[in-house]
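Structural overview for review
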Amino acid sequence: MDELLKILQVNATESRDNIAKMLNLPVTEVDKRIADYEKRGIIRGYQAILNDDEIDPDRVTAVIEVKVRPQREGGFNIIAERISRFPEVRSAYLMSGGHDLLLFVEGRNLREVATFVSERLAPLDGVLSTSTHFMLKTYKRLGVLMKSSETEERLSVAP
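In this section: unusual backbone geometry. Its identity is not glycine, yet asparagine 24 carries a phi of approximately 55°, on the positive side. Along the polypeptide, asparagine 24 turns up in the loop between α2 (16-23) and α3 (27-40). Of the residues examined, asparagine 24 reaches a relative accessible area of 70% and is grouped as exposed. Unlike most non-glycine residues, leucine 142 shows phi in positive territory, near 50°. Tracing the backbone through its elements, the reader meets leucine 142 in the loop between β5 (140-141) and β6 (144-145).

A few words now on the sheet that holds strand β1 (residues 60-68). Strand order in the open sheet formed by four strands is β2-β3-β1-β4, and the pairing between neighbours is antiparallel. If you trace the sheet from one side to the other, it starts and ends with β2 (89-94) and β4 (127-134), each paired once. Ignoring which end each strand starts from, the neighbouring axes of this sheet average 20° apart. Relative to β4, β1 runs antiparallel, the two being bridged by seven bridges.

Ring pairs (aromatic) are described by centroid distance and by the angle formed between their planes. A complete count under the given rule lists two aromatic pairs for this structure. Ring geometry for phenylalanine 86 and phenylalanine 116: centres 5.3 Å apart, planes at 80°, overall edge-to-face. Taken together, the residues phenylalanine 86 in the loop between α5 (77-84) and β2 and phenylalanine 116 in helix α6 (residues 110-121) connect sequence positions 30 residues apart. Neither phenylalanine 86 nor phenylalanine 116 differs from the other in exposure class; each is buried.

Moving on to the environment of valine 60. For valine 60, the position within the fold is in strand β1. Along the backbone, valine 60 and leucine 136 are 76 residues apart, and their C-alpha atoms lie at a distance of 8.2 Å. Apart from the residues within four sequence positions on either side, valine 60 is in contact with Val105, Glu106, Gly107, Asn109, Leu110, Val113 and Phe134.

This paragraph deals with the environment of isoleucine 19. Along the chain, isoleucine 19 falls in helix α2. Taking the C-alpha atoms as reference, isoleucine 19 lies 46 Å from arginine 69; in sequence the two are 50 residues apart. With residues up to four places along the chain from it excluded, the contact list for isoleucine 19 reads Leu4, Ile7, Leu8, Glu14 and Val30.

Quick look at the environment of threonine 28 now. Among the structural elements, threonine 28 can be located in helix α3. Along the chain, threonine 28 and aspartate 17 lie eleven residues apart, while their C-alpha atoms are 9.5 Å from each other.

Attention shifts here to the packing of helix α1 (residues 3-10) against α3. Between α1 and α3, the least distance of the axes is 11 Å, while the angle of their chain directions is 80°. The angle between α1 and α3 falls in the class roughly perpendicular. From α1, Leu4, Leu5 and Leu8 reach across to α3, where they touch Val30, Arg33, Ile34 and Tyr37. In terms of residue class, the contact of α1 with α3 is built from six nonpolar, no polar and one charged.

Bringing the packing of α1 against α2 into the picture now. Where α1 meets α2, the axes come as close as 11 Å, and the angle between the chain directions of the two elements is 140°. By the angle between their directions, the pair α1 and α2 is classed as oblique. Every pair of crossing elements has a handedness; the one defined by α1 and α2 is right-handed. Between α1, through Glu3, Leu4, Ile7 and Leu8, and α2, the contact on the second element is made entirely by Ile19, Met22 and Leu23.

We now examine the pairing of β2. Here β2 runs beside strand β3 (residues 101-107); their pairing, made up of five bridges, is antiparallel. Within β3, the position partnered with valine 89 by the bridge is valine 105. Where β2 hands over to β3, the hairpin turn is made up of six residues, of which glycine 97 adopts a positive phi near 105°.

Procedures and definitions
- Residues numbered from 1 in each chain as written.
- Predicted model: local features only at pLDDT ≥ 70, side-chain atom pairs only at ≥ 80, totals over all residues.
- Heavy atoms only, no water.
- Helix = DSSP H or I, 4+ residues; strand = E, 2+ residues; numbered from the N terminus.
- Buried < 20%, exposed > 50% of the residue type's maximum accessible area, 1.4 Å probe, protein only.
- Pairing = 2+ DSSP bridges.
- Axes fitted to C-alpha atoms, helices over the stretch in contact; angles between N-to-C directions.
- Phe/Tyr/Trp six-rings, centres within 6.5 Å; stacked < 30°, edge-to-face > 60°.
- Contact = heavy atoms within 4.5 Å.
- Parallel < 35°, antiparallel > 145°, perpendicular 65-115°, else oblique.
- Nonpolar A, V, L, I, M, F, W, Y, C, P; charged D, E, K, R; others polar.
- Left-handed = near helix turned anticlockwise from the far one by under 90°.

Everything listed here is a matter of geometry and, on its own, says nothing about what the molecule does.
Here it is as structure tokens:
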């Protein structure tokens, strides 16, 4: 992966001046490359990584495995794109293994997610089955630890 993309992935708010220094490039070149990545759809957006457990402890995230019937024209893409348009669906992936799609779904509470699954997702034409797992606590998200400690914890080593 391009070093510029690595820098942005770690800290998208890094100043263009600092990025240019890190890469030993002129700022205009950094600006040009970022604009090109955005235009080509490689950079799809910028987000802060939040500790949702601290913001709203009642908010729920579910991981949902979905078996689907592929469409004759379009395979898995048509149903996956349709499911991805639901605002509750934060991420959607085509997977290998026992299930076809892996969804990350968010709701204000358990009932809201359960209602989404039972009334909107499961009845969709092409959805064969779902398996829902609720996330109980987040320790690490997108490479960032959710708990910051002043002292580094050491793992114990058993003899």
